[in-house]
Amino acid sequence: MSYSKTSSITNRDVAHLLRSVAAAYLIKNKNRFRIIAYENAADAVEHLTREVRDLWEEGKLDTVPAIGSTIASALDEYFRKGRSNHFDAVFKGIPLTVFELMKVSSIGPKRAYKLAKHFNLKNSKTVFADVRSLCEKGEIAKLPTFGEKSQEVILRALDLYERRKEATTRMPLPYAYLLAEDLIAYLRKNKKVRRADALGSLRRMVATIGDIDIAVVVENKYAREVIDHFLKYPKKISVDSAGKKKASIIISPQIRIDLRVQSAKDYGAMLQYFTGSKTHNIKLREYALKKGYSLSEYGIKDLKKNTPIRMFDTEEKFYRFLGLSYIPPEIREGTDEIELSEKNRIPKLIEVKDIKGDFHVHSNYDLKPSHDLGINSYREICTKAKELGYQYIGFSDHNPKTSGQSEDAIVKIMAERRRHIEKSLLKIDGLDCYVGLEVDILPGGDIALPKKALNDIDYMIISVHSVFGMDRKSMTKRVLAALENPKVKILGHPTGRLLQKREGYELEWEKIFEVCKKKQIALEINSWPDRLDLPDTLIKEALRYGVKCIVNTDAHANVQMELMSYGVSVARRGWATKNDIINTRDPKEFRRWMFG
DNA sequence: GCCGTTTTCGGCCCGACTGTTTTCAGTCG
């Protein structure tokens, strides 16, 4: 089973391995709860905030939920030797092509096995082409329990799979939002639609979105009509399924839209169910079951009494009936939110209206920067900040480039910039302006600004903008060295990830957290759509360490200053309260943090 | 195979849609 070098095994690899075990057991008709156990273990590994291989090295595999003694010892052998007798035994007799075929939607373990066995498919490299040609020859339709329609479905799914492989599979949250808005506007054109919401991972504000989930309120008798309307969405490229209560369309090879219709009186249960996450829902249902209730998208059934299902028009009532306080969608990830909600200890998460300033904004002032300029002047940025209701603002142009100009020239540029800002923004009522700079962290850990220029700025955001490929240890050393500079107040987009384009670099986070806490340096939560960096799981860890964060937009144009809400949503997913975020403080307190 | 402030045994989330069947298996979310 796809054994690779054990030192580079990622959580995804392990999750895939465990899922393959589950599939193998399903094919062999083993106890279905054992199958579920392996699927749960795979889910758990996928949701870990740390590398499972690191946990294994530290002897902490048993701290992973859903991994018990059996799976732990099999994984132990797997990490040590690159293979495990236990897993090998499970996979015995199952062609490896099965686990390839399962990547195609509509092909699950059973059908994959039937295909691989019956047609003796052994070459994982050609298996998709092999199945395609079997479809085209009409061979698949002849198989028992398959048929003409199944053959067609498989052919279509193969098309999608191959087209999807070329493209990235998920899109950054803000792009998905635009798509969802367009669809909702289209749905509302049908007057029978009383309400429409984007749910699922969109409502939970996950950084990258795969499918888009939409729910609408419609009177039962019009459900069919609204679903038909949905199926005629102009951007649709194919219909995946269409029933009386739900339907799915594909709008590009990698984007599927699921629609559910429900009446107003039980819409609360629908919202709850369709928002997810899957893990949250499963845990909630297990919790309810212990109290004698069964949950579904239609409401709550009392298992002890033979009463009709209880309906809820709002989510708040749904949770309250179960003895739980409301849980914001952003933290419904199946960690510990249900336990805390039961004890009424869900924190009050930060909101957009709490934000009082933006500290990562690029202007068009030409200081011969190392990276791109913005398009608005300092004054225009201030006007925008006032419009957004901010009480302070920080200008953080990129540092002047270090090649091609002397240190003295750079010092001069910086002094001139400071004079320019002070002159042009002498008095703006109710808006404190800070002169900042976003400075590159050079590969050796130095910062890309001469010492003599430090006097002309109030604060520095330091960021890695080059040489991303360093190993964890060296990168940590590099960042720690740069954090020592006294003018550093913010570590910018701390992982350097670009969603769907570039993985972030690895850091020894405990060390970073420690220094940031000691020196009162804020970790940035960057709202830029392709960044959303710091990621939510790391925010949660940072806050546990007592580190503060700051939410910025990294705007290069005024309109981008409006993207703050995405950064705030990431903060919320990291369980951040107002108190955890520096730029919610009132101007006086903020000044104290800046210069204190 | 995992898990436990009712349990170390006896439970384990719930339903829709499709195709191939003629009551259900497979897949999906």
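Residues numbered from 1 in each chain as written. Chains lettered and ligands numbered in written order. Predicted model: local features only at pLDDT ≥ 70, side-chain atom pairs only at ≥ 80, totals over all residues. Heavy atoms only, no water.

Here we take up a positive patch on the surface. A surface patch of like charges, here positive, comprises Lys28, Lys30, Arg34 and Lys92. Counting through the fold element by element, arginine 34 comes out in helix H2 (residues 32–46). (Patch = residues over 30% accessible without salt bridge, like charges linked within 9 Å, V, L, I, M, F, W, Y side chains within 5 Å. Areas by Shrake-Rupley, 256 points an atom, 1.4 Å probe, with all protein chains shown as cover. Salt bridge = Lys/Arg side-chain N within 4 Å of Asp/Glu carboxyl O. Lys, Arg positive; Asp, Glu negative; His and termini not counted. Charge placed at Lys NZ, Arg CZ, Asp CG, Glu CD. Helix = DSSP H or I, 4+ residues; strand = E, 2+ residues; numbered from the N terminus.)

This brings us to helix H23 (residues 587–595). Three or more residues of H23 are buried, namely Phe590, Trp593 and Met594. Projected down its long axis, H23 shows its buried positions confined to an angular sector of 100°, all on one face. Across from the buried face of H23, at angles greater than 90 degrees, the exposed residues are Lys588 and Arg592. Taken together, the buried residues of H23 touch strand S10 (357–361), strand S11 (392–398), strand S12 (432–440), strand S13 (459–463), strand S14 (488–491) and strand S15 (522–526). (Buried < 20%, exposed > 50% of the residue type's maximum accessible area, 1.4 Å probe, protein only. Arc of directions from axis to C-beta. Contact = heavy atoms within 4.5 Å.)

The parallel open sheet is built from seven strands, whose spatial order is S10-S11-S12-S13-S14-S15-S16. On the outer flanks of this sheet lie S10 and strand S16 (549–552), each paired with one strand and no other. Across the sheet, the mean angle separating the axes of adjacent strands is 30° when strand polarity is ignored. The strands touched by helix H19 (residues 472–483) within the sheet are S13 and S14, with S14 carrying the most contacts at an inclination of about 150°. Relative to the sheet, helix H22 (residues 564–573) contacts S10, S15 and S16, its axis offset from that of S16 by approximately 150°. (Pairing = 2+ DSSP bridges. Axes fitted to C-alpha atoms, helices over the stretch in contact; angles between N-to-C directions.)

On to unusual backbone geometry, then. The step from glycine 276 to serine 277 runs through a cis peptide bond, and the omega angle for that step is -5°. Mapping serine 277 onto the fold places it in the loop between helix H13 (267–275) and helix H14 (278–290). Cis rather than trans, the peptide bond between aspartate 533 and leucine 534 has omega equal to 20°. Position of leucine 534 relative to the elements: it lies in the loop between S15 and helix H21 (536–544). Phi at serine 106 takes a positive value of approximately 80°, unusual for a residue other than glycine. Tracing the chain through its elements places serine 106 in the loop between helix H6 (97–101) and helix H7 (109–118). Taking the relative accessible area as the measure of exposure, serine 106 reaches 33% and is therefore partly exposed. The phi torsion at aspartate 554 lies on the positive side, around 60°, for a residue other than glycine.

Let us now look at the protein's contact with DNA strand B. The environment of DNA strand B is formed by 48 residues, the closest being Gly68, Ser106, Gly147, Arg285 and Glu286. Of what DNA strand B places within 4 Å of the protein, 76% of the atoms are sugar or phosphate. Within the backbone of glycine 68, an N or O atom sits 2.7 Å from a phosphate oxygen of DNA strand B. With respect to DNA strand B, the side chain of tyrosine 298 contributes an N or O atom lying 3.0 Å from a phosphate oxygen. Elements with a contribution of two residues or more to the surface near DNA strand B: H2, helix H4 (69–81), H7, helix H9 (148–166), strand S5 (238–242), strand S7 (255–262), H14 and strand S8 (293–296). The residue makeup of the surface near DNA strand B, split by class, is 17 nonpolar, 15 polar and 16 charged. (Near = heavy atom within 4 Å. Polar contact = N/O pair within 3.5 Å; in protein donor to acceptor, adjacent residues only side chain to side chain. Nonpolar A, V, L, I, M, F, W, Y, C, P; charged D, E, K, R; others polar.)

What the domain assignment lists for chain A is domain 1 (6–166), domain 2 (171–262), domain 3 (273–342) and domain 4 (352–595). Each of domain 1 and domain 3 has a C-alpha centre, and these two points are 31 Å apart. (Domains from an automatic or database assignment.)

Ordered by their spatial adjacency, five strands build an open sheet running S2-S4-S7-S6-S5, and the pairing between neighbours is mixed. The open sheet has two edge strands with one neighbour each: strand S2 (195–199) and S5. Adjacent strand axes in the sheet meet at a mean angle of 20° when their direction is disregarded. For S5 and strand S6 (residues 246–252), the ladder comprises four bridges, and the chain directions are antiparallel. Residue pairing in the sheet places serine 241 in a bridge with serine 248 of S6. Against the sheet, helix H10 (residues 173–188) contacts S2, strand S4 (212–217), S6 and S7, and its axis sits at roughly 25° relative to S4. Across the sheet, helix H12 (residues 223–231) touches S4, S5, S6 and S7, and the angle it forms with S6 is around 10°.

Taken as a whole and assessed by the stated rule, the structure comprises 45 salt bridges. Across the pair arginine 83 and aspartate 88 runs a salt bridge whose closest N-O atoms are separated by 2.3 Å. The partly exposed category is assigned to arginine 83, whose relative accessible area is 31%. Connected through shared salt-bridge partners, Arg204, Glu333, Asp536 and Arg573 make up one network.

Grouped burial of nonpolar side chains is what soluble globular proteins tend to show. Ranked by internal contacts, the top residues of the largest apolar core, which has 101 residues, are Ile214, Val216, Leu449, Ile462, Leu483 and Leu523. Ranked by the residues each element gives to this core, the list is headed by H10, at seven residues. Residues in contact with isoleucine 462, not counting those within four places in the same chain, are Val439, Ile441, Ile447, Ala482, Leu483, Val488, Ile490, Leu491 and Gly492. (Core = buried A, V, L, I, M, F, W, Y, C linked by side-chain atoms within 4.5 Å.)

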